[in-house]
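Residues per chain are reported as follows:
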Amino acid sequence: MGRYLRTARRRSLGKQLSDVVGLLEREWPSVESPESSNEAFTLLWPVDAALNEENPFGANPELYAPLGYPGHPGIDFLADHQPVVACEAGTVTLAGPYGNAGNIVRLRHEGFETRYCHLSEVHVEAGQWVDRGQQIGISGETGFAQGPHLHLDLWLDGERNQYQGRVDAAPYLEERTQ
């Protein structure tokens, strides 16, 4: 009798687990990588400045572990109080102070979000529509920043990973023409 109950419990737990996995897959569908997606997109370069090659996505785990990340959760531009523009058209969902990120602008686009961090000035407000290339602020060093720069985060809808859904934005950037 005991073996029958254990087998029944395992089947029940297996069915429950299968139901939960099915629900998660329906609620958060996986996102294809840009190389395999038919809907790949490119982002406009957000500031007239070079990428900080010393702090790419995933670098310096010792700095970011206390914040709950396995490494740097975005990409940085060597921008010292320079105009910042929207990488793509979208709706402002947050504009202003946001913890360690300092002053930020978060934009919702079709299929993804971008977040621009450590701004010294914010030139937009929540609910506002912005066009691709429209100025949204000025880079700076607010929040947890070790000098002036622009930090850019990219979230793809449905992405689940150890960076709380963030992905490396660098492969999505258009080639810089300056």
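Description of the structure in this document. Sequence order as written defines the numbering, with residues in each chain counted from 1. The model is predicted, so local features are restricted to residues of pLDDT at least 70 and side-chain atom pairs to those at 80 or more, both for listing and for counting; the totals for chains, interfaces and linings are taken over all residues. With hydrogens and water excluded, all non-hydrogen atoms of the structure serve as input to the side-chain values.

## Remarks on the nonpolar core
Proteins that are soluble and globular tend to have nonpolar side chains buried together.
And then number 1: We call a set of buried residues a nonpolar core when its members are Ala, Val, Leu, Ile, Met, Phe, Trp, Tyr or Cys and they connect through side-chain atoms within 4.5 Å of each other. Residue exposure (1.4 Å probe, protein chains only): buried if accessible area is under 20% of the type maximum, exposed if over 50%, otherwise partly exposed. Judged by nonpolar contacts, the single largest core of 32 residues is most densely connected at Ile75, Phe77, Val105, Tyr116, Ile136 and Leu154.
And then number 2: Note on conventions: DSSP H or I runs of at least 4 residues are helices, E runs of at least 2 residues are strands, and numbering of each starts at the N terminus. Contributions of two or more residues to this core are made by β1 (75–77), β4 (103–109), β5 (112–119) and β9 (150–156).
And then number 3: Per element, the largest residue contribution to this core is four residues, and it comes from β9.
And then number 4: In what follows, a contact means two residues having at least one pair of non-hydrogen atoms within 4.5 Å. Not counting chain neighbours up to four residues away, the residues in contact with leucine 154 comprise Phe41, Leu43, Phe112, Glu113, Thr114, Gly165, Arg166, Val167, Asp168, Ala169 and Tyr172.

## Section: the pattern of salt bridges
And then number 1: Salt bridge criterion: a side-chain nitrogen from Lys or Arg within 4 Å of a carboxyl oxygen from Asp or Glu. According to the stated counting rule, one finds seven salt bridges in the structure shown.
And then number 2: For arginine 115, the salt bridge is made with aspartate 153, and the minimal N-O distance between the two is 2.9 Å. Taken together, the residues span a long stretch of sequence, with arginine 115 in strand β5 and aspartate 153 in strand β9 at a distance of 38 residues.
And then number 3: If you follow the salt bridges from partner to partner, you end up with Arg106, Arg108, Glu113 and Asp157 in one network.

## Overview of the pairing of β5
And then number 1: Burial of β5 is extensive: eight of the eight residues sit out of reach of the surface.
And then number 2: Strand pairing is assigned whenever DSSP detects at least two bridges linking the two strands. Relative to β5, β4 is paired through six bridges, and the arrangement is antiparallel. Bridge pairing in β5 links histidine 109 to phenylalanine 112.
And then number 3: Linking β4 back to β5 in an antiparallel pair, the connection comprises two residues, with glycine 111 at a positive phi of about 95 degrees.

## Let's talk about the sheet that holds strand β8 (residues 135–138)
And then number 1: Pairing is antiparallel in the open sheet, where three strands are placed in the order β2-β8-β6. A strand with exactly one partner marks an edge of an open sheet, and here the two such strands are β2 (83–85) and β6 (121–122).
And then number 2: The pairing of β6 with β8 spans two bridges and is classified as antiparallel. Residue pairing across strands places glutamate 121 opposite isoleucine 138, the latter belonging to β8.

## Brief notes about the packing of aromatic side chains
And then number 1: Aromatic pairing here means that ring centres of Phe, Tyr or Trp (its six-membered ring) are within 6.5 Å. Orientation follows from the plane angle: under 30 degrees is stacked, over 60 is edge-to-face, and everything else is tilted. The tally for this structure, following the rule as stated, stands at three aromatic pairs.
And then number 2: Residues phenylalanine 41 and tyrosine 172 carry aromatic rings whose centres are separated by 4.8 Å and whose planes lie at 20 degrees to one another, so their mutual orientation is stacked. A residue pair is termed long-range when its members are at least 10 positions apart, and phenylalanine 41 in the loop between α1 (2–27) and α2 (61–64) and tyrosine 172 in the segment after β10 (166–167) qualify at 131 residues.
And then number 3: Under the relative-accessibility criterion, tyrosine 172 is labelled buried at 5%.

## Structural notes on the side chain of asparagine 55
And then number 1: The residue asparagine 55 is located in the loop between α1 and α2 in this model.
And then number 2: In this structure asparagine 55 comes out as buried when scored by relative accessible area, which is 10%.
And then number 3: Here asparagine 60 takes part through its side chain, which lies 2.7 Å from a polar atom of the side chain of asparagine 55.
And then number 4: Here a polar contact is taken to be a pair of N or O atoms separated by no more than 3.5 Å, where protein atoms must pair a possible hydrogen donor with a possible acceptor and residues adjacent in sequence count only if both atoms sit in side chains. Side chain to side chain, asparagine 55 and aspartate 76 meet in a polar contact 3.1 Å long.

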